[in-house]
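Take a look at the letters that make up each chain.
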Amino acid sequence: MKVLASAPGKVTLYGEHAVVYKKPAIVASIDKRIYVSCKTRDDNSVTIRALNLQVPGVILTYSQDGEIIFETDYGRVLSAVSYIKEAISLTSQFLGSFKGADLTIESSMPVGAGLGTSAAVSVATVAAYSKAVGYELELKDIARLAWSTEKNVQGIASPMDTSISTFGGIVYLTQENDDFNIEHLDIPSDMNVVVGYVKRQFKTKDMVELVKRYREKYPDLIDSVIDTIGNLVVEAKKALLKGDLKYAGELMNINHGLLDALGVSTKELNDLVYIVRAFGAYGSKLSGAGGGGSMIALVDKEKVSDIKTAISILNGTPLPTKIGCEGVRIEKAEE
Ligand code: PMV
């Protein structure tokens, strides 16, 4: 059977990094997707073809522990290939059945720029592979398997990116014990965001470890920053539900300051975050793990084009983005 599945990338509106310490987060899917096609084979081999990951200038490095690393124009990123391999292994264990398959991956967004592409790759692979081998998984199972994939490949990961890529929409995510809960939020229809990205020097894993080390060094200080981010996310949910964009923007600014305090912002990201405010954004912050990568601005509709110009002025790449799009879906399935 041949199946094509797709899953969206994401922006974090509030709460990245603190979400690793089980604080709530608000996250939105975007209208850029990863496409994974999976065709079962008659033997036990798996082939993976990466057709278009929008990562020009690739250098491939193998490390002793089996990790495969690409160096690209967006910096050093873990290859999508590691996630596909792990997603297939976990899905076949879960289903209790393994079949060889030919997989092809394509992306409509830059991979490794902090838009949750590793999660989207994992989610789309679980969905495509399970369907191709004859199973209909529940969304919650897809989200859990993709989350385990990220944890196994990266060592540490919250359920945030894999949940939003599975369920789509705009989501308030909470965690209890080793599980997660999502609540879909109805956001103001006049809410517009602009995303910009710059070269990323570090992987998500590096940035999560950086915060971990900082927390070990200054436990009380860093824990109070993490707690404050958690409290801010609760406020942000109220602001969004009320449709108070000014308040929601101010909370983004505070969130950015706290992320900077955690040590995950960079001068390039800070420059973008501040210039868009000068150009009239309600608020702005880095989005994702930081260390370069993506930022997000909450803006009025009439300001969208000015904000894109502001991002370009500082050599960031603006990405026209709609938020709250559909989660994982099967695009095509044929015998
Ligand atoms: O930069 P991204 O898209 O990999 O986002 C990472 C988000 C973190 O909160 C920093 C890590 C996580 O697992 O939630």
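The paragraphs below set out a description of the structure included in this document.

Rules of the game
Residues numbered from 1 in each chain as written. Predicted model: local features only at pLDDT ≥ 70, side-chain atom pairs only at ≥ 80, totals over all residues. Heavy atoms only, no water. Near = heavy atom within 4 Å. Polar contact = N/O pair within 3.5 Å; in protein donor to acceptor, adjacent residues only side chain to side chain. Areas by Shrake-Rupley, 256 points an atom, 1.4 Å probe, with all protein chains shown as cover. Helix = DSSP H or I, 4+ residues; strand = E, 2+ residues; numbered from the N terminus. Nonpolar A, V, L, I, M, F, W, Y, C, P; charged D, E, K, R; others polar. Salt bridge = Lys/Arg side-chain N within 4 Å of Asp/Glu carboxyl O. Buried < 20%, exposed > 50% of the residue type's maximum accessible area, 1.4 Å probe, protein only. Pairing = 2+ DSSP bridges. Phe/Tyr/Trp six-rings, centres within 6.5 Å; stacked < 30°, edge-to-face > 60°. Axes fitted to C-alpha atoms, helices over the stretch in contact; angles between N-to-C directions. Contact = heavy atoms within 4.5 Å.

Section: the site of the ligand
The environment of the ligand is made up of 16 residues, and the closest members are Lys 10, His 17, Ser 158, Thr 204 and Ala 289. Here Ser 158 contributes a side-chain N or O atom positioned 2.5 Å from an oxygen atom of the ligand. One nitrogen or oxygen atom from the side chain of Arg 200 is found 3.3 Å from an oxygen atom belonging to the ligand. Compared with its free state, where it exposes 390 Å², the ligand has 97% of that area covered by protein. Only helix H4 (160–167) and helix H5 (204–217) provide two or more residues apiece to the shell around the ligand. Across the shell around the ligand, the residue classes break down as six nonpolar, six polar and four charged.

Digging into the pattern of salt bridges
Summed over the entire model, instances satisfying the criterion amount to 18 salt bridges. For Lys 140, the salt bridge goes to Asp 179, with nearest N and O atoms at 3.8 Å. In this pair, Lys 140 sits in helix H3 (residues 139–154) while Asp 179 sits in strand S9 (residues 179–184), placing the two residues 39 residues apart along the sequence. Here Asp 179 falls in the partly exposed class, since its relative accessible area comes to 30%. Measuring nitrogen to oxygen at the nearest pair gives 3.8 Å for the salt bridge that ties Asp 141 to Arg 144. Taken together, the positions of Asp 141 and Arg 144, both in helix H3 and three residues apart, correspond to about one turn of that helix. The exposure class of Arg 144 is partly exposed, given its relative accessible area of 35%. Taken together, the shared-partner salt bridges connect Lys 140, Asp 141, Arg 144 and Asp 179 into one network.

Comments concerning the pairing of strand S7 (residues 101–107)
For S7, the buried fraction is high: five of the seven residues fall into the buried class. Relative to S7, strand S2 (residues 25–40) is paired through seven bridges, and the arrangement is antiparallel. Counterpart to Ser 37 in the pairing with S7 is Thr 104.

Concerning the packing of aromatic side chains
In total, this model carries two aromatic pairs according to the counting rule given. Ring geometry for Trp 147 against Phe 180: centres 5.8 Å apart, planes inclined by 80 degrees, an arrangement best described as edge-to-face. Residue Trp 147 is found in helix H3, and its partner Phe 180 is found in strand S9; the two are separated by 33 residues along the sequence. Across this residue pair, the class does not change: Trp 147 and Phe 180 are buried.

Structural notes on the sheet that holds strand S10 (residues 192–198)
Reading across the sheet, the four strands line up as S11-S12-S10-S13 and stay open at both edges, with antiparallel pairing between neighbours. Each edge of the open sheet carries a strand with a single partner, namely strand S11 (283–287) and strand S13 (317–319). Each strand axis lies, on average, 25 degrees off the axis of its neighbour in the sheet, ignoring direction. Looking at chain direction, S10 and strand S12 (residues 293–299) are connected through seven bridges and run antiparallel. From the neighbouring strand, Val 194 faces S12, where its bridge partner is Ala 297. The sheet strands contacting helix H7 (residues 245–261) are S11 and S12, and the helix crosses S11 at an angle near 40 degrees. Relative to S12, helix H8 (residues 267–278) is tilted by about 10 degrees, and along the sheet it contacts S10, S11 and S12.

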